[in-house]
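# Structure at a glance
Each chain is listed here by its residues.
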Amino acid sequence: MNLLPKSSKEFGSADYWEKFFQQRGKRAFEWYGTYLELCGVLHKYIKPREKVLVIGCGNSELSEQLYDVGYQDIVNIDISEAVIRQMKERNGGRRPQMSFLKMDMTQMEFPDASFQVVLDKGTLDAVLTDEEDKTLQQVDRMLAEVGRVLQVGGRYLCISLAQAHVLKKAVGHFSREGWMVRVHQVANSQDQVLEAEPRFSLPVFAFIMTKFRPVPSSVLQIFELCAQEQGKPVRLESAERLAEAVRERQQYAWLCSQLRRKAGLGSVSLDLCDGDTGEPRYTLHVVDSPTVKPSRDNHFAIFIIPQGRETEWLFGMEEGRKQLAASAGFRRLITVALHRGQQYEGMDSVQAELSARVMELAPAGMPTQQQVPFLSVGGDIGVRTVRHRDCSPLSGDYVIEDVQGDDKRSFRRLIFLSNRNVVQSEARLLKDVPHRAQKKRKKDRKKQRSADSPEDLPTAPGQSIDKSYLCCEHHKAMIAGLALLRNPELLLETPLALLVVGLGGGSLPLFVHDHFPASCIEAVEIDPSMLEVATQWFGFSQSERMKVHIADGLDYITSLAGGGEGTAAGASGDHPRYDVVMFDVDSKDPTLGMSCPPPAFVDQAFLQKVRSILSPEGVFILNLVCRDAALKDSVLAGLKAVFPLLYVRRIEGEVNEILFCQLHPAQKRTTPELLELARALEQTLRKPGRGWDDTYVLSDMLETVRIV
């Protein structure tokens, strides 16, 4: 029998409730949870000897169960004569000190300050069905009466679904009266589903409004949120922020309910935040593998990503996570990334912290009491040390951090916090780190695994960089593009002129400088903070052959193309200036489908300026990161119109594509010819006495090149 109203407006009708309880009879009706679900919050905010008024009591067993555990000074009121009659019959002999009265809560007959607690389980929700004037006036009368019958220091404890209009009205009313406002989420209420009763998918909250003595001219307003029964309340700055925090928890509960009901919702990610600070602590991605044949032990698993490795393709990209889930062989895999700025004691503590929360994301059909495995790489949470934090006026907040790779080698990274999963610059650290720092690192690792514990820094942080090693695959491909120049086996003696737009950590121009001793490099960087970062943290330095210009790359090249000031080797008058021009510059606008370079750098008019400063046999090398297929086709067409010879090299496992552009189709090389040129260049670079990474094979970088 369906006893829920056809329209929510019927909740505010006295006739509806009279009919409701006549139809239902003596069976208790518990919409927002049973006593067992609510007792944690109730016992926290109600003392046994306090006088309690329950408004809109209905035929809930809540008052009876409170009475039976020692809360005996309880008065219940309801607008329905039928339900009051039922409750009197049910409790007259068994609970003599508890009273039931038929009364309109908007016109209560009690004297002022009669109660220490007013308890409301769903009554405000039932009355506030809309925001029409008549409804709001009725609610104003109800809340005014609640305030009148409460003593100073008393509490209005309202159990609610906290829908936006209800929360706005309750918080607004009592905060204007100078009361303290706290919203407390009822733990796990969305999981206690009784199939015989219609229930709500929204989580249940308790509003605790504490009456303060009026203070003339006071503007103090207190808003707090308590997300767990035993958690500490978090102070929030405004009613709007409180409403936003409640909405986030409602969205999480809705997501959990969807994930319990069905798989394959697409890309699902969420943050779990520190209950005390509200700061993100874990980022979770839910990955379903519908093709995995279900068995008893493969329903669900959690994968902890070691700190510092969340940027890798396997963990940081959707396709990578799908591959990880498929290889793990579970129907649902949740990957967990640990945030920098948070402290973690080790794998065991992370598992203990996550165990209860991740079970809310378990798939439908998982056997009860099923043990969920926690997986990882290497069995620990990894090592990440934040060495430096700062804010650039142009690039925003950034961090310099040292992380440990799966081969136990350490790497230094520049991360812009506006895009936390993208490594802006990276360099490998030399193994022979200073003894003091090495000793302290071991001590710290024993004590705790911290995501953000700056160590005592070496005197010169940049001196520990392995300058012979290129971490970024797209940088390796860009260097391999130098094989397109004439006579690559002679490049070490050739006075090359290079222009690099986009400095970052400086590893790309630094590699050219160190491996091509006759070269002269100009780097253009718009953000002066990045030059400081490169110099202090990545071993970069300027010299007679290495100059950095703090300028907008667009303006600098425009100036060069117009005959303005330039310092490139061999440049004179209006003659071409550079043998190589490299673009490795990111866009600051995240809404674009192309994150590297900014669109203005591939505008045809600007590309003509780039062409004008390139030597006839030179090569223009561009790092392209474009997720919009139509936009990428347009960029390639524009490049082809200016540079008739265009090669493309896709970086495997990444969005990056490296474009090699030349002026004359006659320079076209077949793939075997490109590989031979690359081998000749590498053989020259591998000469004894020159630092060279043995894992870096230039010909591999050009093996998959295609001509557009």
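As a starting point, this report considers the structure included with it.

## Let's talk about the overall build of the chain
A tally of helices and strands in the chain yields 20 helices and 29 strands. In the chain, buried positions account for 53% of the 708 residues. The long-range share in the chain, meaning contacts at least 24 apart out of those at least 6 apart in sequence, stands at 70%. About 32600 Å² of surface is accessible on the chain, with carbon and sulfur atoms providing 49% of the total.

## Overview of the sheet that holds strand E7 (residues 205–210)
Spatially, nine strands are ordered E3-E2-E1-E4-E5-E7-E6-E8-E9 in an open sheet, and the strand pairing comes out mixed. Of all the strands in the sheet, just strand E3 (99–102) and strand E9 (234–236) have a single pairing partner and so form its edges. Shown here is a sheet whose adjacent strand axes are inclined to one another by a mean of 20°, direction ignored. Of the strand pairs in this sheet, strand E8 (residues 222–226) and E9 are connected by three bridges, and their pairing is antiparallel. Residue pairing for E9: Leu225 is matched across the bridge by Val234. Its contacts with the sheet put helix H4 (residues 81–91) on strand E2 (74–78) and E3, and the angle it makes with E3 is roughly 165°.

## Some details on the pattern of salt bridges
Applying the stated criterion across every chain yields a total of 28 salt bridges. A salt bridge links Lys322 to Glu319, with the nearest nitrogen and oxygen atoms 3.8 Å apart. One end of the pair, Lys322, and the other, Glu319, are both in helix H10 (residues 318–328), three residues apart, so they sit about a helical turn from each other. According to the relative accessible area criterion, Lys322 is partly exposed, its value standing at 40%. On the accessibility criterion, Glu319 (48% relative accessible area) is partly exposed. With a closest N to O distance of 3.1 Å, Lys632 and Glu657 form a salt bridge.

## Points about the pairing of E2
Counting buried residues along E2, five of its five residues qualify, which places the element largely inside the surrounding structure. Burial along E2 is two-sided: Ile74, Asn76 and Asp78 and Val75 and Ile77, pointing in opposite directions, are all buried. As paired strands, strand E1 (residues 52–55) and E2 are joined by four bridges and run parallel to one another. Bridging across to E2, Leu53 finds its partner in Val75.

## Quick word on the packing of aromatic side chains
Overall, the coordinates contain twelve aromatic pairs when judged by the stated rule. With a centroid separation of 5.0 Å and 85° between ring planes, the pair formed by Phe110 and Phe115 is classed as edge-to-face. This pair shows no difference in class: Phe110 is buried, exactly as Phe115 is. With 5.4 Å between their ring centres and 90° between their planes, Phe583 and Phe601 make a pair best called edge-to-face. One end of the pair, Phe583, is in strand E24 (residues 578–583); the other, Phe601, is in the loop between strand E25 (594–596) and helix H17 (604–612), and 18 residues separate them in sequence. Here Phe583 matches Phe601 in class, with each residue buried. Among the aromatic residues, those joined into a ring-pair cluster are Phe583, Phe601, Phe606, Phe620 and Phe643. Looking at Lys51, its charged tip hangs above the ring of Phe115, at a distance of 5.3 Å from the centre. In this structure, Arg428 packs its charged tip against the face of Tyr469, placed 3.8 Å from the ring centre.

## Notes on empty space enclosed by the protein
Applying the stated criterion to the full structure yields two cavities of 30 Å³ or more. In this structure, the largest cavity encloses a volume near 70 Å³. In terms of lining, the largest cavity is formed by Glu426, Ala427, Ile465, Asp466, Lys467, Tyr469, Ser507, Leu510, Phe511 and Phe538. Among the secondary structure elements, those contributing two or more residues to the lining of the largest cavity are strand E19 (423–428) and helix H14 (507–515). With three residues, the single largest contributor to the lining of the largest cavity is H14. Counted by class, the lining of the largest cavity contains six nonpolar, one polar and three charged residues.

## Regarding the environment of Asp390
Inspection of the secondary structure assignment puts Asp390 in strand E16 (residues 384–392). Given a relative accessible area of 37%, Asp390 falls into the partly exposed group. The spatial distance from the C-alpha of Asp390 to the C-alpha of Ile400 is 8.8 Å, given a sequence separation of ten residues. Leaving out residues up to four positions away in the same chain, Asp390 has contacts with Gly396, Asp397 and Tyr398.

## Things to note about the pairing of strand E12 (residues 300–305)
Burial of E12 is extensive: six of the six residues sit out of reach of the surface. Residue alternation in E12 divides its side chains into two sets, Phe300, Ile302 and Ile304 and Ala301, Phe303 and Ile305, and both sets are buried. Bridging between E12 and strand E13 (residues 332–338) involves six bridges; their strand directions are parallel. Its bridge partner lying in E13, Phe303 is registered against Thr335. Two elements, E12 and strand E15 (residues 374–376), share three bridges in a ladder whose sense is parallel. Across the sheet, residue Ile304 finds its bridge partner in E15, namely Ser376.

## Regarding unusual backbone geometry
Cis geometry is adopted by the peptide bond preceding Pro597, which originates at Cys596 and carries an omega value of -5°. Phi is positive for Ala113, close to 55°, though the residue is something other than glycine. Take Ala113: it is sitting in the loop between E3 and strand E4 (115–121). One non-glycine residue, Asn487, adopts positive backbone phi at about 55°. Locating Asn487 in the fold gives a position in the loop between helix H13 (473–480) and strand E21 (497–501).

## A word on the packing of H13 against H14
Axis separation between H13 and H14 bottoms out at 10 Å; the angle between their running directions is 40°. With respect to each other, H13 and H14 are oriented oblique. In this structure, the crossing between H13 and H14 has a hand that is right-handed. Of H14, the residues touching H13 (which contributes His475, Met478 and Ile479) are Ser507, Leu508, Phe511 and Val512. Residue classes in the contact of H13 with H14 are distributed as five nonpolar, two polar and no charged.

## So, helix H15 (residues 528–537)
Listed as buried for H15 are Ser529, Met530, Leu531, Val533, Ala534 and Trp537. At its buried positions, H15 is contacted by E16, strand E17 (396–404), strand E18 (410–416), strand E22 (520–525) and strand E23 (546–550). One side-chain oxygen of the residue at the start of H15 lies 2.9 Å from the amide nitrogen of Ser529, identifying that residue as Asp527. Of the residues flanking the end of H15, it is Gly539, one or two places downstream, whose phi is positive at about 70°.

## Some thoughts on H14
Counting buried residues along H14, seven of its nine residues qualify, which places the element largely inside the surrounding structure. Those residues of H14 that sit buried are Leu508, Pro509, Leu510, Phe511, Val512, His513 and His515. Looking at the packing, one finds that the buried side of H14 touches H13, E21, E22, E23, E24 and helix H19 (671–685).

Cut-offs used in this document
- Residues numbered from 1 in each chain as written.
- Predicted model: local features only at pLDDT ≥ 70, side-chain atom pairs only at ≥ 80, totals over all residues.
- Heavy atoms only, no water.
- Helix = DSSP H or I, 4+ residues; strand = E, 2+ residues; numbered from the N terminus.
- Buried < 20%, exposed > 50% of the residue type's maximum accessible area, 1.4 Å probe, protein only.
- Contact = heavy atoms within 4.5 Å.
- Areas by Shrake-Rupley, 256 points an atom, 1.4 Å probe, with all protein chains shown as cover.
- Pairing = 2+ DSSP bridges.
- Axes fitted to C-alpha atoms, helices over the stretch in contact; angles between N-to-C directions.
- Salt bridge = Lys/Arg side-chain N within 4 Å of Asp/Glu carboxyl O.
- Phe/Tyr/Trp six-rings, centres within 6.5 Å; stacked < 30°, edge-to-face > 60°.
- Lys NZ or Arg CZ within 6 Å of the ring centre and 35° of its normal.
- 1 Å grid on protein atoms, 1.4 Å probe; cavity = no way out; pocket = protein on both sides within 12 Å on 5 of 7 lines; lining within 4 Å.
- Points joined across faces, edges and corners; volume = space filled by probe spheres on them.
- Nonpolar A, V, L, I, M, F, W, Y, C, P; charged D, E, K, R; others polar.
- Parallel < 35°, antiparallel > 145°, perpendicular 65-115°, else oblique.
- Left-handed = near helix turned anticlockwise from the far one by under 90°.
- Polar contact = N/O pair within 3.5 Å; in protein donor to acceptor, adjacent residues only side chain to side chain.

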